[in-house]
Amino acid sequence: MIVKTDYTGIGMQELIAELDTFVAERNWERYHAPQNLAMALSVEVAEIVEIFQWMRTDQSRTLDAAVRDRLQDEIGDVMIYLTMLAHKLDIDPLAAAHQKLGKNRLKYPAAETLAKSDPPARGALKDGNGKFG
């Protein structure tokens, strides 16, 4: 078996075709109902969270090679399950992401949200309940 190492130019349709073949060769279609794929996706996302769980912010920005390799594998798993779920439901994940980004642009206009994105000054707590003034 030849394992591909250069994925330059591989798009969503090629990934979907490769995943369909992989699943069919193993007769796994029966395990791939949308709810099963969604649950598997959530488990893989949790594995990404686990990698970062006890890191400080600065550590999460400078990963060593071993941690980055683990993270790459988990991101691959997330992409696989997300792609299979979207394909099963006839949703184009790239189009869905672009559409959602468009909605977010309308919901969070840059001019209005930029000023709100700065962290509050130290001591700016309004009261003892953790809300900022």
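Provided above is the structure to which this section pertains.
Definitions and cut-offs
- Residues numbered from 1 in each chain as written.
- Predicted model: local features only at pLDDT ≥ 70, side-chain atom pairs only at ≥ 80, totals over all residues.
- Heavy atoms only, no water.
- Helix = DSSP H or I, 4+ residues; strand = E, 2+ residues; numbered from the N terminus.
- Buried < 20%, exposed > 50% of the residue type's maximum accessible area, 1.4 Å probe, protein only.
- Contact = heavy atoms within 4.5 Å.
- Patch = residues over 30% accessible without salt bridge, like charges linked within 9 Å, V, L, I, M, F, W, Y side chains within 5 Å.
- Areas by Shrake-Rupley, 256 points an atom, 1.4 Å probe, with all protein chains shown as cover.
- Salt bridge = Lys/Arg side-chain N within 4 Å of Asp/Glu carboxyl O.
- Lys, Arg positive; Asp, Glu negative; His and termini not counted.
- Phe/Tyr/Trp six-rings, centres within 6.5 Å; stacked < 30°, edge-to-face > 60°.
- Lys NZ or Arg CZ within 6 Å of the ring centre and 35° of its normal.

### Here we look at the overall build of the protein chain
- In terms of regular secondary structure, the protein chain is built from six helices and zero strands.
- Start at the N end of the protein chain and walk to the C end: the helices and strands fall as α-α-α-α-α-α.
- Counting only residues that meet the buried cut, the protein chain has 14% of its 133 residues in that class.
- Put simply, of all contacts in the protein chain between residues at least 6 apart along the chain, 62% involve residues at least 24 apart.

### Considering a nonpolar patch on the surface
- On the surface, Phe-22, Trp-28 and Tyr-31 cluster together into a nonpolar patch covering about 310 Å² of accessible area.
- Structurally, the position occupied by Trp-28 is in the loop between helix 1 (12–26) and helix 2 (34–52).

### Concerning the pattern of salt bridges
- Under the definition given, this model contains two salt bridges.
- Put simply, Arg-26 and Glu-25 hold a salt bridge, and the shortest N to O gap is 3.3 Å.
- Arg-26 sits in the partly exposed class, given a relative accessible area of 36%.
- Where Asp-58 meets Arg-56, a salt bridge forms, and the shortest distance between an N and an O atom there is 3.1 Å.
- Looking at Arg-56, the relative accessible area reads 49%, which means it is partly exposed.

### Let's talk about the side chain of Glu-74
- With respect to the helices and strands, the residue Glu-74 is situated in helix 4 (residues 65–88).
- Among buried Asp, Glu, Lys and Arg side chains, Glu-74 stands out as unpaired, with Arg-70 the closest opposite charge at 6.1 Å.
- Those residues in contact with Glu-74, other than ones at most four positions away along the chain, are Glu-44, Glu-47, Ile-48 and Ile-51.

### A short note on the packing of aromatic side chains
- In this structure the tally under the stated criterion is one aromatic pair.
- For the ring pair Phe-22 and Trp-28, a centre distance of 5.6 Å and an interplane angle of 75° mean the geometry is edge-to-face.
- The class of Phe-22 is partly exposed, set by a relative accessible area of 36%.
- Its end group placed over the ring of Phe-22, Arg-26 keeps NZ or CZ at 3.6 Å from the ring centre.

### Overview of unusual backbone geometry
- Although it is not a glycine, Asn-27 adopts a positive phi angle of roughly 60°.
- On the secondary structure map, Asn-27 appears in the loop between helix 1 and helix 2.
- The partly exposed category is assigned to Asn-27, whose relative accessible area is 43%.
- The residue Asp-90 is not glycine, and still its phi comes out positive at about 60°.
- Turning to its location among the elements, Asp-90 is positioned in the loop between helix 4 and helix 5 (93–107).
- With a relative accessible area of 71%, Asp-90 lands in the exposed category.

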